Amino acid sequence: MKVAIFGQYYQNDTRPIIKDIFVFLNRNQIELVIERDFLAILYDHKIVEKKYETFSSYADLDQSFDVLISIGGDGTILRAATYVRNSGIPIIGINAGRLGFLAKVQKDSIESFLQIVINKQYSISERTLLKLTCDHDIPELNQLNFAMNEVTVSRKDTTSMITIETHLNDEYLNSYWADGLIVSTPTGSTGYSLSCGGPVLTPDVNSLVITPIAPHNLNARPLVIKDDTKIRLKVSGREEQYMVSLDSRIISINNNAVLTLKKADFKINMIEFSDETFLKTLRNKLLWGEDKRN
């Protein structure tokens, strides 16, 4: 088995987790290829000493890889997805962060879940992505124009609200007067959209969520739409530019540029375990059912 490893280092919090992962995989004679910058950090902190092959780009990951292990939180998995892209390599998330809707493997059960991966006794959850294009030339979008969680437009360098003119399949929907607008995948429905009042979607539904951020008109509510809908956005405001984020990647775009959002033509494969279902994650992370009145 050939495994790619990508991660974030949070000093002493992740040192034992990283050591346990490497010890277990080496003991099972798994071929490991480590993301170059992450491996440099591990060498600097003397967490590993053995020499490993490295990767530094999505072009370095091919069909010879069986799995990519992401060590960190959900944000680390989102960055890992930029390496995997359309290769189909499944991602397993080992949680060294806090909440962890995507990074489901906890530090006290690393070996048992990695053994399941080695035995290939897991299932695959296919995650929809959003693709963003613009009628202006935006160099940052030429190579990396997709998001696994959400695409967000928001104000920049101002406290004034922006206006987001929104069309669905070329039909006018609304002009949101707000701090911004979130277009979320089912995966991202438990992220930024949720904190702004959006609904939770199960990962397998064929839907997207449009969620306004602090709208001036309080009757502007989150909207669930089919995931094959073409979404067109045109932003205007007092400043010359506004911000667009694709997950954690931020770019600036000029007012009146037209953004088009569609479902990407590939998906990210997330490894799922029968003992760690999405519904169980909801109960554990959002404390559903913890009210003693229940």
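Above this text you will find the structure in question.
What comes next is a walk through the structure.

Some remarks on the packing of aromatic side chains
Step number 1: Scanning all chains against the criterion turns up five aromatic pairs.
Step number 2: Pairing Phe-6 with Tyr-83 gives two aromatic rings, centres 5.3 Å apart and planes at 50°, and the pair type is tilted. Here Phe-6 is found in strand S1 (residues 2-7), whereas its partner Tyr-83 is found in helix H3 (residues 74-84), with 77 residues between them in sequence.
Step number 3: For Phe-6, a relative accessible area of 6% gives the class buried.
Step number 4: Judged by its relative accessible area of 15%, Tyr-83 falls in the buried class.
Step number 5: Measuring from centroid to centroid gives 5.3 Å for Phe-55 and Tyr-83, while their planes differ by 85°, and the two rings are edge-to-face. Here Phe-55 is found in strand S3 (residues 53-55), whereas its partner Tyr-83 is found in helix H3, with 28 residues between them in sequence. In this structure, Phe-55 and Tyr-83 share a single accessibility class: buried.
Step number 6: Put simply, the rings of Phe-6, Phe-55 and Tyr-83 pair up and form one aromatic cluster.
Step number 7: One cation-aromatic arrangement involves Arg-85 over Tyr-58; the distance from NZ or CZ to the ring centre is 3.8 Å.

A look at helix H2 (residues 36-44)
Step number 1: Buried residues of H2: Phe-38, Leu-39 and Leu-42, and no others. Looking down the long axis of H2, one finds its buried residues gathered within 95° of arc, a one-sided arrangement.
Step number 2: In this structure, the buried side of H2 is in contact with S1, helix H1 (15-27), strand S2 (31-35), S3 and strand S4 (67-72).
Step number 3: A side-chain oxygen of the first residue of H2 lies 3.3 Å from the backbone nitrogen of Asp-37; this N-cap is Glu-35.
Step number 4: One or two steps after H2, the chain reaches Lys-46, where phi turns positive at roughly 55°.

Details of the nonpolar core
Step number 1: Judged by nonpolar contacts, the single largest core of 31 residues is most densely connected at Ile-5, Phe-22, Leu-25, Leu-32, Ile-69, Ile-92 and Leu-114.
Step number 2: Among the elements of the structure, S1, H1, S2, H2, S4, strand S5 (91-95) and helix H4 (110-118) are those that each provide at least two residues to this core.
Step number 3: Tallying contributions element by element places H1 first for this core, with six residues.
Step number 4: In contact with Phe-22, other than residues within four places in its own chain, are Ile-5, Leu-32, Ile-34, Leu-42, Val-48 and Tyr-52.

Examining the pairing of strand S13 (residues 207-213)
Remember that side chains alternate between the two faces of the sheet whenever the strand is regular.
Step number 1: The element S13 is extensively covered by neighbouring structure, given that seven of its seven residues are classed as buried.
Step number 2: Inspection of the sheet shows strand S12 (residues 180-184) paired to S13 by five bridges, in the antiparallel sense. Across the sheet, residue Ser-184 finds its bridge partner in S13, namely Val-209.
Step number 3: Here S13 pairs with strand S14 (residues 223-226) via four bridges, running antiparallel. Residue pairing in the sheet places Leu-208 in a bridge with Ile-225 of S14.

With respect to the side chain of Asn-145
Step number 1: Inspection of the secondary structure assignment puts Asn-145 in the loop between helix H5 (139-143) and strand S8 (146-147).
Step number 2: Residue classification places Asn-145 among the buried residues on the basis of a relative accessible area of 18%.
Step number 3: Excluding its chain neighbours within four sequence positions, the residues that come into contact with Asn-145 are Leu-130, Lys-131, Leu-132, Thr-133 and Leu-246.

Side note on unusual backbone geometry
Step number 1: Here Arg-85, not a glycine, exhibits a phi torsion of approximately 50°, which is positive.
Step number 2: Looking at where Arg-85 falls in the secondary structure, it is placed in the loop between H3 and S5.
Step number 3: Residue Arg-85 is classed as buried on the basis of its relative accessible area of 14%.
Step number 4: Unlike most non-glycine residues, Leu-287 shows phi in positive territory, near 60°.

Points about the pattern of salt bridges
Step number 1: In the structure shown here, the tally under the stated rule is 10 salt bridges.
Step number 2: In this structure, Lys-104 and Glu-272 form a salt bridge, with 2.9 Å as the shortest nitrogen-oxygen distance. Taken as a pair, Lys-104 in the loop between S5 and H4 and Glu-272 in strand S19 (residues 268-272) lie far apart in primary sequence, 168 residues in all.
Step number 3: Judged by its relative accessible area of 11%, Glu-272 falls in the buried class.
Step number 4: In this structure, the salt-bridge partner of Lys-280 is Glu-276, at a minimum N-O distance of 3.7 Å.
Step number 5: Given the relative accessible area of 28%, Lys-280 is considered partly exposed.

Procedures and definitions
Once a new chain begins, its residue numbering starts again from 1 and follows that chain's sequence as written. Where totals are concerned, whole chains, interfaces and linings use all residues; where local detail is concerned, this predicted model gives features only for residues with pLDDT of at least 70, and gives and counts side-chain atom pairs only at 80 or more. Processing note: side-chain calculations cover all non-hydrogen atoms of the structure and skip hydrogens and water entirely. Each pair of aromatic rings taken from Phe, Tyr and Trp, with Trp reduced to its six-membered ring, is defined by centres within 6.5 Å and is described as stacked if the planes are under 30 degrees apart, edge-to-face if over 60, and tilted in the remaining cases. Strands are runs of DSSP state E lasting at least 2 residues, helices are runs of H or I lasting at least 4, and numbering of each runs from the N terminus. Working definition: with a 1.4 Å probe on protein chains only, accessible area under 20% of the residue-type maximum means buried, over 50% means exposed, and in between means partly exposed. Two conditions define a charge sitting above a ring: the NZ of Lys or the CZ of Arg must be within 6 Å of the ring centre, and it must be within 35 degrees of the ring normal. In this description, the arc belongs to the directions extending from the helix axis to the C-beta atoms. Between two residues, a contact is recorded if the distance between any of their heavy atoms is within 4.5 Å. For the purposes of these results, a polar contact is taken to be a pair of N or O atoms within 3.5 Å, where, inside protein, one atom must be able to donate a hydrogen and its partner to accept one; residues adjacent in sequence count only when each atom of the pair is a side-chain atom. To qualify as a nonpolar core, a set must consist of buried Ala, Val, Leu, Ile, Met, Phe, Trp, Tyr and Cys residues joined through side-chain atoms within 4.5 Å. Two strands form a pair only when DSSP identifies at least two bridges running between them. A side-chain nitrogen of Lys or Arg and a carboxyl oxygen of Asp or Glu constitute a salt bridge if their distance falls within 4 Å.

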